[in-house]
Amino acid sequence: MAGPEPFWRTKTLGAMTRPEWESLCDGCGRCCLHKLRDAETEELVWTSVACRLLDGHSCQCKDYANRKARVPDCVKLTPAKVAGIDWLPPTCAYRLLAEGRDLPWWHPLVSGDPETVHSAGVSVRGRSVAERDAGALEENAVDWPGRWPAAARPIPRRRRA
């Protein structure tokens, strides 16, 4: 006998409680990588340079509660902001749900294990550079944060009732 549907399948982003909303973050750290935007073309360029508050191994913020005070341009996601942001990685749960997709097998809410985001190759673990060690952002341009890893196939759109 199947249990009740998980909250992310029954609630909109705006209807979620704060704990539900926070639990959607898979801990990949991709959104904490610096990004550049071409002034002429508006093209987004990812870098491998991590925010100074990102722990490169755990892929968690070292001071999440005070991140806005310590990094003023840190973006606090809200349902309204998710709809208008073009730089969330394609694997991001907030983006996936906003696009009508389901959470993938490696998401900790599905797998029950926070390590699956790392074993699936989704996280920045072992692939990011600390701000203090990076040098010029342009020299650290990469494209992998904007793509699905081979081991973590994209989830097709699902129909809502």
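Here's a quick rundown of the structure. Fair warning: this is a prediction, and the values are worked out from it, not measured in the lab. (Residues numbered from 1 in each chain as written. Predicted model: local features only at pLDDT ≥ 70, side-chain atom pairs only at ≥ 80, totals over all residues. Heavy atoms only, no water.)

## Some points on the overall build of the chain
Line of reasoning, step 1. Broken down by element type, the chain carries eight helices and four strands.
Line of reasoning, step 2. When its helices and strands are written in sequence order, the chain yields α-α-β-β-α-α-α-α-α-β-α-β.
Line of reasoning, step 3. Over its C-alpha trace the chain gives a radius of gyration of 16 Å, about what one expects of a compact globule, namely 15 Å for 161 residues.
Line of reasoning, step 4. Expressed as lengths along the three principal axes of its C-alpha atoms, the size of the chain is roughly 55 × 35 × 30 Å.
Line of reasoning, step 5. Buried residues in the chain amount to 37% of all 161 residues.
Line of reasoning, step 6. In the chain, the proportion of contacts linking residues at least 24 apart, taken out of those at least 6 apart, comes to 62%.
Line of reasoning, step 7. Only carbon and sulfur atoms are counted for the fraction: they give 53% of the accessible area of the chain, which is about 9,300 Å².
Line of reasoning, step 8. Taken together, the 24 basic and 21 acidic charged side chains of the chain have centroids lying 6 Å from each other. (Helix = DSSP H or I, 4+ residues; strand = E, 2+ residues; numbered from the N terminus. Rg over C-alpha atoms; globule rule 2.2 N^0.38 Å. Buried < 20%, exposed > 50% of the residue type's maximum accessible area, 1.4 Å probe, protein only. Contact = heavy atoms within 4.5 Å. Areas by Shrake-Rupley, 256 points an atom, 1.4 Å probe, with all protein chains shown as cover. Lys, Arg positive; Asp, Glu negative; His and termini not counted. Charge placed at Lys NZ, Arg CZ, Asp CG, Glu CD.)

## Digging into unusual backbone geometry
Line of reasoning, step 1. Phi is positive for Glu42, close to 70 degrees, though the residue is something other than glycine.
Line of reasoning, step 2. You can see Glu42 is positioned in the loop between strand E1 (33–37) and strand E2 (44–50).
Line of reasoning, step 3. Positive phi outside glycine occurs at Cys59, with the angle close to 65 degrees.
Line of reasoning, step 4. One can find Cys59 in the loop between E2 and helix H3 (67–70).

## Observations regarding the pairing of E2
Line of reasoning, step 1. Among the seven residues in E2, five count as buried, and that is most of the element.
Line of reasoning, step 2. Bridge count for E1 against E2 is four bridges, and the pairing is antiparallel. Residue pairing across strands places Leu33 opposite Ala50, the latter belonging to E2.
Line of reasoning, step 3. Connecting E1 to the next strand, E2, in antiparallel fashion are six residues, including Glu42 with a positive phi near 70 degrees.
Line of reasoning, step 4. With two bridges connecting them, E2 and strand E3 (residues 129–130) associate as parallel partners. Bridge pairing in E3 places Ala50 opposite Ala130. (Pairing = 2+ DSSP bridges.)

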